[in-house]
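# Notes for the structure review
Read off the chains here:
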Amino acid sequence: MTYRFTNAIRFILIQNRAGKTRLAKWYMNFDDDEKQKLIEEVHAVVTVRDAKHTNFVEFRNFKIVYRRYAGLYFCICVDIADNNLAYLEAIHNFVEVLNEYFHNVCELDLVFNFYKAYSVVDEMFLAGEIRETSQTKVLKQLLMLNSLE
Amino acid sequence: MNKARDSLGTMSSIKQVINDAVEKGKEVYEKVRQPNPIRLRDLIRQIRSAKTAAEERAVVNRECAYIRLTFREEDSVWRCRNVAKLLYIHMLGYPAHFGQMECLKLIASPRFTDKRIGYLGAMLLLDERQDVHLLITNSLKNDLNSSTQFVQGLALCTLGAIASPEMSRDLAGEVERLLKSSNAYIRKKAAVCALRIILKVPELMEMFLPATRSLLSEKNHGVLITGVTLITEMCLQSPDMLAHFKKIVPNLVRILKNLIMAGYSPEHDVQGVSDPFLQVKILKLLRILGCGDSDASETMNDILAQVATNTESSKNVGNAILYETVLSIMDIKSESGLRVLAINILGRFLLNADKNIRYVALNTLLRVVHADNSAVQRHRSTILECLKDADISIRKRAMELCFALINGNNIRTMMKELLTFLENAEPEFKATCSSKCVLAAEKYSPNVRWHIDTLLKVVEAAGNHVPDDVVSSTIQLISETRAEQAYAVGELWRHLSVAQLEFQPMIQVSTWCIGEFGDLLLNGQADVTVEETQIIEIYQKILWASQCSITTKEYALTSLMKLSARLNQEVGSIQQVVSAFGSHLNIELQQRGIEYSQLFTRHNHMRGPLLERMPPFEGVRGNGTEGEKGGIAITNGLDNSPDNQSLLNDLSSPNNNNNINSTHENNESNALLLLLGGIEPGEGDTVQAVTSPATSTINATPAPRSTVNADILDLLGLEPGPTAPSNTTTSTSPAQLSHTNNSSSPALLLDGLLNNTSSTTTTTTAGIASLSTPTANSTTLPTNNFIIPQSLSQPSVPGIVAYDKNGMKLDMTFEIQDSVTTINMLATNTSLAQVTDFLFQAAVPKSLQLQMMTPSSTSMAPSATLTQVIKVNNPSKVPLRMRMRLSWQANGSVVQDQGEISHFPPALWQ
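Here the structure is a predicted model, which means the values were calculated and not measured.

## Things to note about the overall build of chain A
- A tally of regular secondary structure across chain A gives five helices and seven strands.
- In chain A, the succession of α and β elements from N to C terminus is β-β-α-β-β-β-α-α-α-β-β-α.
- Within the span of chain A, comprising 149 residues, buried residues form 64% of the whole.
- A sequence separation of at least 24 residues applies to 48% of the contacts in chain A between residues at least 6 apart.
- When the accessible area of chain A is evaluated, it comes to approximately 5500 Å², of which 51% is carbon and sulfur surface.

The structure is reproduced here in structure tokens:
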């Protein structure tokens, strides 16, 4: 059976400049070795780029839309034909939610609360698709999740 | 004990007592058995404080061992904490699959915190191939039916991430039910899950069809966006669905209209644009629905125009929408005015300060340039500006787009810009760019003079990155335009007299042309005044320059030889130079040196006719692929490309046969020139062209192509025709045949030629006997007799035998130039079998750079040889080592071997 992922996100990756993974969300099947390899490759292609480069890199059969915030690279791997600009905006939307949720987010917040960061991803994206775009709604839901703990 | 706690959940005081008891018991137990499990926070601190990777590994291993132990002991109190720690460890790249079952246990727990970590673990540690799926399917089913929306939400999230086809089938019913839930939070999650399910099991699509109807009448944006995504996927999956959903176009148009007309809504506002993500999704669905459908396209024309004109383009978010709109306009059957509007939007993008937007614009223009060329042409100057962009990916797209825009009207200006670009381009661009320049010039050049000028500029600008086909196209063009030859040769002389010797292609073109048309240079037609001595001087410089490649020297040597028939006074010095090459280090040049010297002495009477000007190549040029092949074939006489032979075989086409037919009636010297001229006779035609009684009898039995012969013919710039080898064997006696098997002697060739020109067989054979002896020696003992000319002041290093096994011997000789060692490898087939598909691969330590040249051939007859040049740059002067892998075919089987060469002479790096 052939699975056709038309325009879904393949994975979302947050890495720091040293290549340490801070979050890795996979929407496509890879085995663990392959995941590790992908993480390293993404790190290699993204960190060499500087401010004069575009925020898009072709990567295997896909492309990476990435954005750097301080020492962290937020990467989304999507289809070659996908709307780069919209995903760039989606990354920013996501980061704004993180910032609001953690009150001035920094790398350490993501490290010590990694499971919370995952739930932010899950509130905004699902099965590789953008699910909720309203920051206020996402935050409201996240706070309710926290109150259940 | 757990059970007791659960059932007494409401009676808090009793629970407290029991919990205390559990904790106490636990403490006692742990005092005996193990320390308290550290908290997630503390583990993360420990890992972060590790100073080295080894230290980190030690911490992780210790913790993993401990976690494993607690898992084995079915410790449920700390399970959640331990799984959380394990997930962190997993994220750092360590294996954590032993936690899978624990995740399932956590999912089954009634506590929300446990479930949350359990589902997170399931998403991270499981994927759809795991066999624990049956277990998780049950848990998911329970949770999908839970009364708490957040538990349902967690289950949907997990299903969306890891659903396998089996899971999809089992849980599709639940998802369908949730799709109609009254809770928007659940509905939007269910919509994406449904999407995942139909991706896995397309047959289930029908099941979700009724539920999609209500999704579009939603007010909630989250549900709308997921609903649109689900419908998009359905349309992409099945043509029936696509037809079914055509009727929703007006609904989509209305939603989009509301979005752009609606005022500020704080909930979905992104920098002043109302829910750009939803707009993008709707535009995309419209594109799919409108593609190839004029009615649907008609319905959406207006709204697309509205979005295109009303969207604010100063920020990325607005441009994301505009970009999607442009794509939709280009894909549907839109009005022409709208298409122009779309391309103008892209033109505006090109002027944007944001590099991302310029990049996207170029990419899109590249996609639409063939459909709407004239509209794109209007933005030509902006596109040309992008050639100077700081970002390499933008320059690359701009270059491609420029080539797509070239036409007869703008070729002059475009080429000017592209040449400037080519000159400063990165090496990786130069090859493609120069090839494309040549193609464009060929297609649109306004006149021949301009065409020649352009090609010369291309060759000059691309330096050493000129691909072979550009060299040959240039030569071909000059060769076939008689009127411009004098001009071209004058220009080339100007180039050559000030040439940078490190740029090979320009020297190759120049020497070829000066060799052919050198007389025009001297008789004043070429608009320059040149002394014969100047020419000789330049050639000597090239021939002895260490920067020049062997191929260039081959060009130069043959060219010089040709000049011996064009110059008047300096023939003596040419003879001197040529004969000096009889003892050159490189076998190929040595052979040419020896063969050509013979043309000054014993066969001096033939030199004139042999070296006459080649006939122009017009016959081969001009029809697509044939033209290209012809272009390569021209350089065959000089260029040792390994695929010579297959190319030559391809050339025996009707096209070439015509060529032969037109000339074969000419006199014998023409027949000779024909052979020299790089035109491949068809099998049947050779018989006619080469009119010798002896050959025609033998031709009836076509001999298998012999590499030795082919190589020899190659040397003198001859094309080995399929019948040529058999042709030559007719007049050689067995004794001479054995000679030629041992060495790649030119005797056979000359014999073949002589046989055609002279009528008596006896004189021919005499010639061979005397000719073949010296060369046979020189090639069988290649390393023993280099006599390096005085002018070559390279340090000489003893050669080595790199390999001698399995009927294959590799000798290596060395030339050193600063940090670059040139290894001339001579492979000898010492077996009795024909060797084909010879492949030599090598690797050197990282601090060195290796460059492998094309081998002179890939096949060898018994006792035959081939050469390959390997360049090693060793800037840090480390001892040279080389790993090599060899493979070839002999007797129908593949021989493979590998090894290390570590006995290079230390003189190479000291």
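## Points about the overall build of chain B
- A tally of helices and strands in chain B yields 45 helices and 10 strands.
- Looking at the 910 residues of chain B, the share that counts as buried comes to 58%.
- At a minimum sequence separation of 6, the contacts of chain B that also span at least 24 residues come to 68%.
- Roughly 37300 Å² of accessible area belongs to chain B as shown, and the carbon and sulfur atoms make up 52% of that amount.

## Quick look at a negative patch on the surface
All names here are of chain B.
- Taken together, Asp295, Glu298, Asp302 and Glu335 make up a surface patch of like negative charges.
- Relative to the helices and strands, Glu335 is located in the loop between helix H18 (316–331) and helix H19 (336–350).
- Glu335 sits in the partly exposed class, given a relative accessible area of 44%.

## What to know about the pattern of salt bridges
- Enumeration according to the criterion identifies 40 salt bridges over all chains in this entry.
- Asp122 of chain A serves as the salt-bridge partner of Lys25 of chain A, at 3.0 Å between the closest nitrogen and oxygen. Within this pair, whereas Lys25 of chain A is found in strand S2 (residues 21–26), its partner Asp122 of chain A is found in helix H4 (residues 114–124), the two being separated by 97 residues in sequence. As far as burial versus exposure is concerned, Lys25 of chain A and Asp122 of chain A are alike and both buried.
- Counted as one network, the salt bridges with shared partners bring together Glu74, Arg79, Glu102 and Lys105 of chain B.

## Describing the interface of chain B and chain A
- Taken together, the contact pairs 73 residues of chain B with 65 residues of chain A.
- Carbon and sulfur atoms supply 57% of the area that chain B and chain A bury against each other, a total of about 6300 Å² over both sides.
- In this assembly, chain B and chain A are joined by five salt bridges.
- Looking at side-chain class alone, the side of chain B that touches chain A contains 34 nonpolar, 18 polar and 21 charged residues.

## Here we look at the sheet that holds strand S5 (residues 72–79) of chain A
Residues and elements named next belong to chain A.
- Spatial strand order, S2-S1-S5-S4-S3: five strands in an open sheet with antiparallel pairing. A single partner strand is all that each edge strand has here, and the edge strands are S2 and strand S3 (56–59). Geometrically, the sheet is characterised by an average inter-axis angle of 20° between neighbouring strands, direction not taken into account.
- Sheet topology places strand S4 (residues 62–69) next to S5; eight bridges connect them, and they run antiparallel. Opposite Ile64, over in S5, you have Cys77 as the bridge partner.
- Across the face of the sheet, helix H2 (residues 84–102) comes into contact with strand S1 (11–16), S3, S4 and S5 while running at roughly 40° to S4.
- Relative to the sheet, H4 contacts S1 and S2, its axis offset from that of S2 by approximately 35°.

## Concerning the confidence of the model for chain B
All names here are of chain B.
- Averaged over all residues, the pLDDT of chain B equals 77, while 76% of them reach at least 70.
- Low pLDDT, under 50, characterises residues 619–794; the predicted model gives this stretch 260 contacts beyond four residues in sequence or across chains.
- The complex model carries a pTM of 0.65, and its ipTM stands at 0.92.

## Description of the environment of Ile357 of chain B
- By the element assignment, Ile357 of chain B lies in helix H20 (residues 355–368).
- Through-space distance from the C-alpha of Ile357 of chain B to that of Lys315 of chain B is 9.9 Å; in sequence the pair is 42 residues apart.
- Discounting chain neighbours no more than four positions away, the residues touching Ile357 of chain B are Leu85 of chain A together with Asn316, Asn319, Phe349 and Asn352 of chain B.

## Some thoughts on the sheet that holds strand S6 (residues 835–843) of chain B
Residues and elements named next belong to chain B.
- Read across the open sheet, the three strands follow the order S6-S9-S10; overall the sheet is antiparallel. Each edge of the open sheet is held by one strand with a lone partner, namely S6 and strand S10 (893–901). Going across the sheet, the axis of each strand differs from the next one's by a mean of 15°, ignoring polarity.
- Strand direction decides the pairing type here: S6 and strand S9 (residues 882–890), joined by seven bridges, are antiparallel. Opposite Leu839, over in S9, you have Ser887 as the bridge partner.

## Description of the nonpolar core
- One finds Phe11 and Ile64 of chain A together with Phe208 of chain B to be the most contacted residues of the largest nonpolar core, which totals 283 residues.
- For this core, the element with the highest residue contribution is H2 of chain A, accounting for 12 residues.
- Discounting residues that sit within four places of it in the chain, Phe208 of chain B has contacts with Ala172, Val175, Glu176, Leu179, Ala194, Ile197, Ile198 and Met234 of chain B.
- Membership of the second largest hydrophobic core comes to 34 residues, among which are Val797, Ala802, Met860 and Trp888 of chain B.

## Describing the side chain of Glu174 of chain B
- The topology assignment puts Glu174 of chain B in helix H10 (residues 165–179).
- For the buried Glu174 of chain B, which has no salt bridge, the nearest side chain bearing the opposite charge is Lys141 of chain B, at an N-O separation of 4.4 Å.

## Quick notes on the packing of helix H9 (residues 149–162) of chain B against helix H11 (residues 184–200) of chain B
Residues and elements named next belong to chain B.
- Running from amino to carboxyl end, H9 crosses H11 at an angle of 20°, the nearest separation of the two axes being 9 Å. On the basis of their axis angle, the class for H9 and H11 is roughly parallel. For H9 against H11, the interelement crossing comes out left-handed. Each of Gln149, Phe150, Gln152, Gly153, Leu156, Cys157, Leu159, Gly160, Ala161 and Ile162 in H9 lies in contact with H11, whose residues at this interface are Tyr185, Ile186, Lys189, Ala190, Cys193, Arg196 and Ile197.

The rules we used
- Residues numbered from 1 in each chain as written.
- Chains lettered and ligands numbered in written order.
- Predicted model: local features only at pLDDT ≥ 70, side-chain atom pairs only at ≥ 80, totals over all residues.
- Heavy atoms only, no water.
- Helix = DSSP H or I, 4+ residues; strand = E, 2+ residues; numbered from the N terminus.
- Buried < 20%, exposed > 50% of the residue type's maximum accessible area, 1.4 Å probe, protein only.
- Contact = heavy atoms within 4.5 Å.
- Areas by Shrake-Rupley, 256 points an atom, 1.4 Å probe, with all protein chains shown as cover.
- Patch = residues over 30% accessible without salt bridge, like charges linked within 9 Å, V, L, I, M, F, W, Y side chains within 5 Å.
- Salt bridge = Lys/Arg side-chain N within 4 Å of Asp/Glu carboxyl O.
- Lys, Arg positive; Asp, Glu negative; His and termini not counted.
- Charge placed at Lys NZ, Arg CZ, Asp CG, Glu CD.
- Buried area = accessible area lost by both parts, 1.4 Å probe.
- Nonpolar A, V, L, I, M, F, W, Y, C, P; charged D, E, K, R; others polar.
- Pairing = 2+ DSSP bridges.
- Axes fitted to C-alpha atoms, helices over the stretch in contact; angles between N-to-C directions.
- pLDDT = per-residue confidence, 0-100.
- Core = buried A, V, L, I, M, F, W, Y, C linked by side-chain atoms within 4.5 Å.
- Parallel < 35°, antiparallel > 145°, perpendicular 65-115°, else oblique.
- Left-handed = near helix turned anticlockwise from the far one by under 90°.

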